[in-house]
Each structure stands twice: as structure tokens, then as C-alpha cells.
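Fold and geometry: a report
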Amino acid sequence: MTVIFAVSNQKGGVAKTTSCFSIGACLAELGWHTLVVDLDPQGHLSLAAGFDPDELETSVADLLLAEANELDPSALLLPTAMANLDLLPADLRLATIEQSLSAKQGYEFALLHGLQSLSPPQRDQAIPPKQEYDAILIDCPPSLGILTVLALTAAQWALIPVQCEYFASRGLLRLLDVIEAVRQHTNPALEYLIFATLFDMRNAISRRVLEELQAHLEPHLLQTVIRLDTRLRESPMAGEPVIQYAPRTRASQEYRALTQELVERTQEKEQSK
């Protein structure tokens, strides 16, 4: 069974795209066949993986707009620099796609249906083909519009990075309201997990925000904290996830620990069903 995560926060600059790519890479490192989906019209995840959205002929927009049997979904997938990690890229058409989508009945399920048609491409004939991805991570746009609703409808888990600063933590409440609305209308099984990013121990506000998250959202809070690290800014320029660009750095170790914690939490949930 494929586990799908929607990495979402309507505030920009909270390490959402970095976290999506890094966690996807960590899962791939563990041997999981993993797909990262760029659902942001800015295409930052595609850029981080080494692809220019302006030069792509196909993207996730084709998956969302296609009618049944209209395209080969596997042709949309691109290999990243890391084994077991594929990309479904974005392009600028996502910026204007919402009106076209909302005119379709049941549009909220368009991404879910599209993802269900995807399987890892067989790039090595010596390896038996796999019928589905082990994990899919969706990089949502920094907004609470239709594209985010599509992602939350498709996912079992909303994964929310929260920057340890005042406005980012306040914006979390709005996203939790949207998650509750999605539960009521399209995805009653949706769960959410939160983790702290861009943490600076020297900053009193960072420490205070982390303490507030721990005090009020502990059941949903992953314990691993992602601290500031310049390597996280450098790795997208190399087109590589940080664990490949700088595998021994603090950031790489923290994302590996975060991913392991995420795997344990999701497996616990699955076993309790």
C-alpha cells in the first residue's frame, strides 16, 4: 500500500519544499520506492531536483487535466539524482489550472485518481517491476486553495513544517481548520503531523515557539527538530537532496532522524487499524 503525505503550510519560507525533497530522499535511502510531486506553480521542487519547469514538455498539470486513457502517466515521471526517488514535476500551467479543475464534478479527487495510475518506471531490466510506489510526497503550494485541497484529499497524512517564529505558528491554526474541512467533505481518514524547522537555539522566539508546540500539539508533533544549516540552501543549486550533497552534515542527520520517526509513527497508525 502506498502511503501519501501532503507537505503543506500556507506560509512561504518554512522549509516546506526542502523538507519534502529531503524526506523523500531519506525514504529512498531506506529502500522505499518514492515519488515526490511538485504541486506548486513556482516549481521549486522541480528546480531543487535539477529540472527547469520552463523547459519541461509535460508536468503534473497533464495528470490533473487528462481524461481517462488520454496519456501514459509513466511518461510524466523524471528520475532524480538519487536511486529510488522519482519526480512528478510542475510547470506554470498550475497557476491557472484551478478554474478548469473546479468546473469538473468531483474535481477534489483528480490528484488522487491520477496518482493511483502511477507506478515506478522499470529502468533496470534485471530488477522485477514494482506495481506501486511505497511513498508519495506532495509539495503543496504556499496557499490554501484548490491545489492544496487536492493534495489533502489524496493523502493519508498532512505533514506540516512550522518555522519557529511568531507568524508561522499562528498560520498553523488556519491550516488545521482546512484539514478539518477536508476531513468532513472528502477525506475523513486524514491525519496530520507537525515538525519544527529553521530552529535557532540562540533565538528566544525560536525557543518559545517550540515550547508552545510541545505544550499544545504534542500528540501530533514529531520530536526531531530541523535546525538552521547553510547546506540546506546550497543543495538545491546542485540539483541534489541534502543527504546526497552533504551526507554527513547536521541537516542530513536530522532529516534522517525525522524520516525514521515519521516511518515509525505511520506504521504504528497502520498497525492499530
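Up top is the structure these notes are about.
Going along each chain's sequence as written, the residues are numbered from 1 onward. For this predicted model, a pLDDT threshold of at least 70 governs which residues receive local features, and a threshold of 80 or more governs which side-chain atom pairs are given and counted, while totals over whole chains, interfaces and linings are taken from all residues. Derived side-chain values reflect all non-hydrogen atoms in the structure, with water molecules and hydrogen atoms excluded from consideration.

**Side note on the nonpolar core**
Keep this limit in mind: For this analysis, a nonpolar core means a set of buried residues of the types Ala, Val, Leu, Ile, Met, Phe, Trp, Tyr and Cys, connected via side-chain atoms within 4.5 Å. Residue burial is assigned from relative accessible area. The probe radius is 1.4 Å, only protein chains are included, and a residue is buried under 20% of its type maximum, exposed over 50%, and partly exposed in between. Here a residue-residue contact requires only that any non-hydrogen atoms of the pair lie within 4.5 Å.
Counting residues in each nonpolar core, the largest one holds 53 residues, and the members touching the most others are Leu64, Leu88, Leu111, Leu115, Ile138, Ile160 and Ile179. When neighbours within four sequence positions are excluded, leucine 115 is seen to be in contact with Ile4, Val37, Leu63, Leu88, Ile136, Ile138 and Ala154. Leu27, Ala28, Val36 and Leu159 belong to the second largest nonpolar core, which has 36 residues in total.

**Points about unusual backbone geometry**
Note the following rule: Every helix listed is a DSSP run of H or I at least four residues long, and every strand listed is a run of E at least two residues long, numbered separately from the N terminus.
The backbone of alanine 15 shows a phi angle near 70 degrees, a positive value even though the residue is not glycine. Within the element layout of this structure, alanine 15 appears in the loop between strand S1 (3-7) and helix H1 (16-29).

**Describing the pattern of salt bridges**
We count it as follows: Here a salt bridge means any side-chain nitrogen of Lys or Arg lying within 4 Å of a carboxyl oxygen belonging to Asp or Glu.
A full pass over the atoms with the stated rule returns eleven salt bridges. One salt bridge connects glutamate 165 with lysine 11, and the closest N-O pair in it is separated by 3.5 Å. Linking glutamate 165 in the loop between strand S6 (157-163) and helix H7 (166-185) with lysine 11 in the loop between S1 and H1, this pair joins segments that are 154 residues apart in sequence. Look at lysine 11 and you get partly exposed, because its relative accessible area is 28%. One salt bridge connects arginine 202 with aspartate 200, and the closest N-O pair in it is separated by 3.0 Å.

**Thoughts on a nonpolar patch on the surface**
Note the threshold: Patch membership requires over 30% relative accessible area and the absence of a salt bridge. Like charges are linked within 9 Å, and nonpolar side chains (Val, Leu, Ile, Met, Phe, Trp, Tyr) within 5 Å. Each accessible area is a Shrake-Rupley estimate made with a 1.4 Å probe; only the visible protein chains count as cover when residues are assessed.
Together, Tyr166, Phe167 and Ile205 make up an exposed nonpolar region whose accessible area comes to about 350 Å². You can see phenylalanine 167 is positioned in helix H7.

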